[in-house]
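Coordinate analysis (summary)
The chain contents come next:
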Amino acid sequence: MALFSSLTPVFVAILCVVVLFILRGSQKKNQVTKKKFKPPATAKPWVDEDLQDNTEINPRAEADDEWADSESNVAHVPYSPLRFSKDEMLQRSQQFYQLMNKRRSVRFISSKPVPREVIDNVIRTAGTAPSGAHTEPWTYVVVADPETKHMIREIVEEEEEVNYKQRMGEKWVGDLQRLRTNWVKDYLDTAPYLILIFKQIYGIHSSGKKKTHYYNEISVSISCGMLLAALQNAGLVTVTSTPLNCGPKLRVLLQRPANEKLLLLLPVGYPTEDATVPDLKRKNLEEIMVFV
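So, a few notes on the structure that sits alongside this text. In this text the structure is predicted, and so the values were computed from the model without any measurement.

This next bit is on helix H7 (residues 216-233). For H7, spanning 18 residues, the distance from its first C-alpha to its last is 26 Å, which sits close to the expected 26 Å at 1.5 Å a residue. Every buried residue of H7 is listed here: Asn216, Ser219, Val220, Ser223, Cys224, Leu227, Leu228, Ala229, Ala230, Leu231 and Gln232. The secondary structure elements touched by the buried residues of H7 are helix H2 (86-101), helix H3 (116-126), strand E1 (138-143), strand E2 (193-200) and strand E5 (260-268). Following H7 by one or two positions, Gly235 adopts a phi angle in the positive range, close to 85°.

Now for the nonpolar core. Residues Tyr140, Ile195, Ile197, Leu227, Leu266 and Val268 are the most contacted members of the largest nonpolar core, which totals 22 residues. Looking at this core, the elements with two or more residues in it are H3, E1, E2, H7 and E5. The element contributing the most residues to this core is H7, with six residues. Those residues within four positions of Tyr140 in sequence are excluded, and the remaining contacts are Ile123, Ala126, Ile195, Leu196, Ile197, Ser223, Cys224 and Leu227. Ranked by size, the runner-up nonpolar core spans 20 residues in total, among them Val143, Ile152, Tyr187 and Leu265.

Further remarks concern the environment of Arg251. Relative to the elements of secondary structure, Arg251 occurs in helix H8 (residues 247-253). For Arg251, a relative accessible area of 15% corresponds to the buried category.

Given two aromatic rings, one states the distance between the centres and the angle between the planes to describe the pair. Scanning the model with the defined rule gives zero aromatic pairs in all. Geometry around Tyr270 places Lys112 over its ring, the cationic atom sitting 4.9 Å from the centre. For Lys210, the ring lying beneath its charged end belongs to Tyr202, and the centroid distance is 4.7 Å.

Ordered by their spatial adjacency, three strands build an open sheet running E1-E2-E5, and the pairing between neighbours is antiparallel. The strands lining the two open edges of the sheet, one partner per strand, are E1 and E5. The sheet shows a mean angle of 20° between the axes of neighbouring strands, direction not considered. Relative to E5, E2 runs antiparallel, the two being bridged by eight bridges. What sits directly across from Gln200, in E5, is Glu260. The sheet strands contacting H3 are E1, E2 and E5, and the helix crosses E1 at an angle near 165°. Against the sheet, H7 touches E1, E2 and E5, its axis set at about 155° to E2.

Basis of the calculations
- The residue count restarts for each chain, going from 1 along the sequence in the order it is written.
- Reporting in this predicted model follows two pLDDT cut-offs: at least 70 for local features of residues, and 80 or more for side-chain atom pairs to be given and counted; totals over whole chains, interfaces and linings ignore these cut-offs and use all residues.
- The basis for the side-chain values is all heavy atoms of the structure; hydrogens and waters are excluded.
- Secondary structure follows DSSP: runs of H or I at least 4 residues long count as helices, runs of E at least 2 residues long count as strands, and numbering of each begins at the N terminus.
- Under the convention used throughout, the expected extent of a helix is 1.5 Å for every residue step, that is, one less than its residue count.
- Exposed residues in this analysis have more than 50% of their type's maximum accessible area, buried residues have under 20%, and partly exposed residues fall in between, with area computed by a 1.4 Å probe over protein chains only.
- We call two residues in contact whenever any of their non-hydrogen atoms come within 4.5 Å of each other.
- Among buried residues, those of type Ala, Val, Leu, Ile, Met, Phe, Trp, Tyr and Cys that are joined through side-chain atoms within 4.5 Å constitute a nonpolar core.
- Two rings from Phe, Tyr or Trp (for Trp, the six-membered ring) form a pair when their centres sit within 6.5 Å of each other. Planes less than 30 degrees apart are called stacked, planes more than 60 degrees apart edge-to-face, and all others tilted.
- We call a charge positioned over a ring when the NZ of a Lys or the CZ of an Arg lies within 6 Å of the ring centre and within 35 degrees of the ring normal.
- Two strands pair if DSSP finds at least two bridges between them.
- To obtain each axis, a line is fitted to C-alpha atoms, and for helices this fit is confined to the stretch in contact; angles are then taken between N-to-C directions over 0 to 180 degrees.

Here it is, written out as structure tokens:
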């Protein structure tokens, strides 16, 4: 008993050291676990999965030997744009605003033929848009073939039904009810032309290596805006369609390469005689402009 009593403080000290060691090990494990744990990203059903890439942030994420070197400098030439008097500037700007203010998204599109030359010209206009480092990262696929248009409609409607019933959620679907839209897209068959705009996430150099396309989505979006203005100027109508998650199937159907991703789909033509549009009002200048 005397021996056991004399050894008790030693046992207690050893036990304390063991417990402390265990606690410290547990704390370190928890810290490592916390560092490794990443909360799940908030779901964004309105984001097209196919459009998710890192080309806007890190365009050369792959090995450098797969990418072409920068091209040599280009010559600069004099530039002399048209100049107008103050009165002409005011008149032209007012007339252009009035023209564009009549633009509406139209879902009732006639099958009446549209001259091919007009479509060529509006695409040419879209191609004058600025782009990052003048890479012009856009491809405009114009579809007039009735069979191909119908296959596009089948792909879009199949995905859109899933979008409306599952992906988009009640709030988004509810917000669209006042516009009377759904997954049925008759205009994909009736419109004389479907214009599908693809963004090129990278280009292909003559050497076969990849060519960096800076700000490719922003550049293509600017080009699309100019296309909409050109269509309005020609007296044609369209509706900006962003068929969620249809890109891969449409890319295969239209035989587009892997570096192209669908950004926008536009049915183009004349409005039907009985076409209607929602009675919407645009924000006034004071609501959209800040003058400093």
